[in-house]
Amino acid sequence: MTVWRPPQQIRVKVIGLAWRENRLLAAEVEDDSGRIKGVRPLGGSIEFGETREQALHREIREELGTEIRIVGPWHVLENIFEHHGSIGHEIIFAADVELADQGLYERDEIRYCELDETAATARWFGRDMLRDAGLDLYPTGLETVLSRWRD
């Protein structure tokens, strides 16, 4: 298992909000013991010289092997958080996306590897599923901009 700590600098990230009805595609987030503590939509860091659109296309292609179409307005979130005693700070651009690979919408579980070869699992989560399982939605504040998300 990989132990992750946030870098001590502000990171600029993008996340894609892919929907299957009222369920959001999100990757499981584990604590150091491997327990799932929350979920986070797929995406990653914006590289130097890259636009947010280019970064989102690249990140989803790297993670899921599919192209996307950005179909919603951009939302901007600032996320200052603590993870196992370390403080992290992110500025996040989020937008609704459609996945070109329609087969991904039919799968309840999508396993993939991060660039560092860490295994990851994404699932389609409803708001009620997170609440019932006691899981958090990351980044903090994302739920407030999810006007499409209903029980």
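A short tour of the structure in this document, coming up. Nothing here was measured: the structure is a model prediction, and the numbers come from that model.

1. Brief notes about empty space enclosed by the protein
Part 1: Under the defined criterion, the tally for this structure stands at two cavities of 30 Å³ or more.
Part 2: Estimated volume of the largest cavity: approximately 40 Å³.
Part 3: Around the largest cavity, the lining residues are G16, A18, L25, L42, I60, L64, V97 and L99.
Part 4: Contributing elements (two or more residues each) for the lining of the largest cavity: β1 (10–20), α1 (52–64) and β7 (86–99).
Part 5: The residue makeup of the lining of the largest cavity, split by class, is seven nonpolar, one polar and no charged.

2. Focus: unusual backbone geometry
Note: most peptide bonds trans; most residues except glycine with negative phi.
Part 1: Note that the residue after Y138, namely P139, is joined by a cis bond; omega there is -5 degrees.
Part 2: Looking at the secondary structure, you find P139 in the segment after β10 (136–137).
Part 3: Here the phi dihedral of E21 falls at roughly 55 degrees; this positive angle occurs in a residue that is not glycine.
Part 4: With respect to the secondary-structure elements, E21 resides in the loop between β1 and β2 (23–30).

3. Some details on the pairing of β2
Part 1: The sheet contact formed by β1 and β2 spans two bridges and is antiparallel. In the sheet register, R20 faces β2, and the bridge partner there is R23.
Part 2: In this antiparallel pair of consecutive strands, β1 and β2, the connection spans two residues, and E21 shows a positive phi of 55 degrees.
Part 3: Judged from the five bridges that link them, β2 and strand β3 (residues 36–41) form a sheet pairing that is antiparallel. Counted as the bridge partner of V29 is G38 from β3.
Part 4: Between β2 and the antiparallel strand that follows it, β3, lie five residues; G34 among them carries a positive phi value of about 90 degrees.

4. As for the pattern of salt bridges
Part 1: On inspection of all chains with the given rule, the structure shows 15 salt bridges.
Part 2: Note that R58 and E50 form a salt bridge whose closest N and O atoms lie 2.7 Å from each other. Accessibility assignment for this pair places R58 and E50 in one class, buried.
Part 3: Residues R58 and E59 are paired through a salt bridge, measuring 3.0 Å at the closest nitrogen-oxygen approach. Each member of the pair R58 and E59 is classed as buried.
Part 4: Here the salt bridges do not stand alone but share partners, grouping E47, E50, R58, E59 and E62 into one network.

5. Digging into α1
Part 1: With 13 residues, α1 ought to run about 18 Å at 1.5 Å a step, and its terminal C-alpha atoms sit 18 Å apart, in line with that.
Part 2: Of the surrounding secondary structure, the elements contacted by the buried residues of α1 are β1, β2, β4 (43–45), β5 (68–70), β7 and β8 (109–113).
Part 3: Once α1 ends, the next one or two residues include G65, with phi positive near 70 degrees.

Thresholds applied
- Residues numbered from 1 in each chain as written.
- Predicted model: local features only at pLDDT ≥ 70, side-chain atom pairs only at ≥ 80, totals over all residues.
- Heavy atoms only, no water.
- 1 Å grid on protein atoms, 1.4 Å probe; cavity = no way out; pocket = protein on both sides within 12 Å on 5 of 7 lines; lining within 4 Å.
- Points joined across faces, edges and corners; volume = space filled by probe spheres on them.
- Helix = DSSP H or I, 4+ residues; strand = E, 2+ residues; numbered from the N terminus.
- Nonpolar A, V, L, I, M, F, W, Y, C, P; charged D, E, K, R; others polar.
- Pairing = 2+ DSSP bridges.
- Salt bridge = Lys/Arg side-chain N within 4 Å of Asp/Glu carboxyl O.
- Buried < 20%, exposed > 50% of the residue type's maximum accessible area, 1.4 Å probe, protein only.
- Expected span 1.5 Å × (residues − 1).
- Contact = heavy atoms within 4.5 Å.

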